[in-house]
Structure formats: C-alpha cells, structure tokens
Amino acid sequence: MPGASRGGVAGALLGLLLVLSVRSGGASKTSVGLVTCGSVLKLLNTHHKVRLHSHDIKYGSGSGQQSVTGVEASDDANSYWRIRGGSEGGCPRGLPVRCGQAVRLTHVLTGKNLHTHHFPSPLSNNQEVSAFGEDGEGDDLDLWTVRCSGQHWEREASVRFQHVGTSVFLSVTGEQYGNPIRGQHEVHGMASANAHNTWKAMEGIFIKPGADLSTGHDEL
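Just so it is clear, the model here is predicted, and its values are computed rather than measured.

Applying the stated criterion across every chain, the model contains five salt bridges. Measuring nitrogen to oxygen at the nearest pair gives 2.9 Å for the salt bridge that ties K112 to E134. Here K112, found in the loop between β5 (102-107) and β6 (113-120), pairs with E134, found in the loop between β7 (127-132) and β8 (144-147); they are 22 residues apart in sequence, far enough to count as distant. Taking the shortest distance from any N to any O, the salt bridge between E156 and K200 comes out at 3.4 Å. One end of the pair, E156, is in the loop between β8 and β9 (160-163); the other, K200, is in strand β12 (residues 199-207), with 44 residues separating them in the sequence. Residue E156 is classed as exposed on the basis of its relative accessible area, which comes to 58%. Each of R84, R104 and E137 takes part in a single network of salt bridges with overlapping partners.

Cis rather than trans, the peptide bond between N179 and P180 has omega equal to 10 degrees. With respect to the element layout, P180 can be found in the loop between β10 (169-176) and β11 (185-190). At K49, a position not held by glycine, the phi torsion is positive, near 60 degrees. At S167, a position not held by glycine, the phi torsion is positive, near 75 degrees. With respect to the secondary-structure elements, S167 resides in the loop between β9 and β10. We classify S167 as partly exposed; its relative accessible area is 40%.

Calculation rules
- Residues numbered from 1 in each chain as written.
- Predicted model: local features only at pLDDT ≥ 70, side-chain atom pairs only at ≥ 80, totals over all residues.
- Heavy atoms only, no water.
- Salt bridge = Lys/Arg side-chain N within 4 Å of Asp/Glu carboxyl O.
- Helix = DSSP H or I, 4+ residues; strand = E, 2+ residues; numbered from the N terminus.
- Buried < 20%, exposed > 50% of the residue type's maximum accessible area, 1.4 Å probe, protein only.

Shown next, in the form of structure tokens:
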C-alpha cells in the first residue's frame, strides 16, 4: 500500500485543489464546459458508477505492472489523471480536447500512464489495463483516442476511450477484487463499444487557454 510519503503528496494535491477552488469561486466556465489539455480530473464510468483509479500496487499476474481499478469513493486522491498529448506534443495546455484526438492519461500521484497490451485481465479475461512508464514517459501503447459526439470533449457528455494500439475500449464490467484492494473493480479493455465503456469528466481542475494551474482554471 502507499507509504507515508505518498500520503503527503496526496495531501498536498488536495490542498492545491482546495486553494484553486476558492480562487475560482467567481470565475465563469470555459466555453461550453470543455475538457482541455493539461487539465487534472477524475473519470466516472457512467454505468458502474466507479472512478478510474490507480495506486502503487502491482498485478500479481499478467504484466506485473501497476494496477488500474475502479473505486466508488469520490474523494480518493489516487483517482486524479492529467490529460496530455503524445510524446511529440499535439495537446497544447488549455486547448479543448477534440473528439477523435489521441491523448495520454497520466496518473497524477505515481506519474505512470494509462496503458494496455495483449495480456489477459486477472478477473474477466478481457485485456489488461495497467499504469506504465516513469514521470509521465512510457511508450506508444499509452495513447487513447477520445470518442465523442461533436467537435470537442464536453464535460457534461459521456465519452469513450479507444486504445490506439489495440483498438479496445476502456471498460468496467463489475468484477471486484479481494485483498489487498478489496471491493475495487477491475478495469480492462473490451473489443466492442457498449454501456460498460462510457465515461464522464467529474471533479478536477480545467485549464483555460494560455493559463497554468496557478492562474487559470475552473473546478467542476
């Protein structure tokens, strides 16, 4: 389980979110409430009502990489992800994420990217989803295409994440782990688009064009 230092980082992150929330109390939302590059957010699976989550716990089978799960709690700091472009950029800070754009989702507290590959997931035997890399740098299997309607990813809209390298969709189907992560849900990749792979932006800091975390944001 994460140690005391990890808890300190989590506390600092939550403190930052609180400060930004207070500062942005009178701010208007960005145009039509769009998700923007560089933003930090939580993602809710709309069917199973769990948030995308990771932690410094590795799979005991498959790749042995850092596990990715779904949790019901809304206040867990291990559920924050940063929206980033690929290794060559393509997602300037503050610009709206386009439908059909490939992005990386970097886990804030461990610096690893949402990742999948041809390993079976431990509970459902779908495709394993893990967190991979160091300090936000992994490989080309960290890229996910945002599938949504219209031109941009809207905060109030349901979206899907389709893996660029293997074409699977980021999904939850309800299987739950035992110890040491009892009650957390398996997250995996599925070949077809269905009700198990729709997600919605929830709590977070949304960067405005030309801004950084300390000067321009909206909190959902």
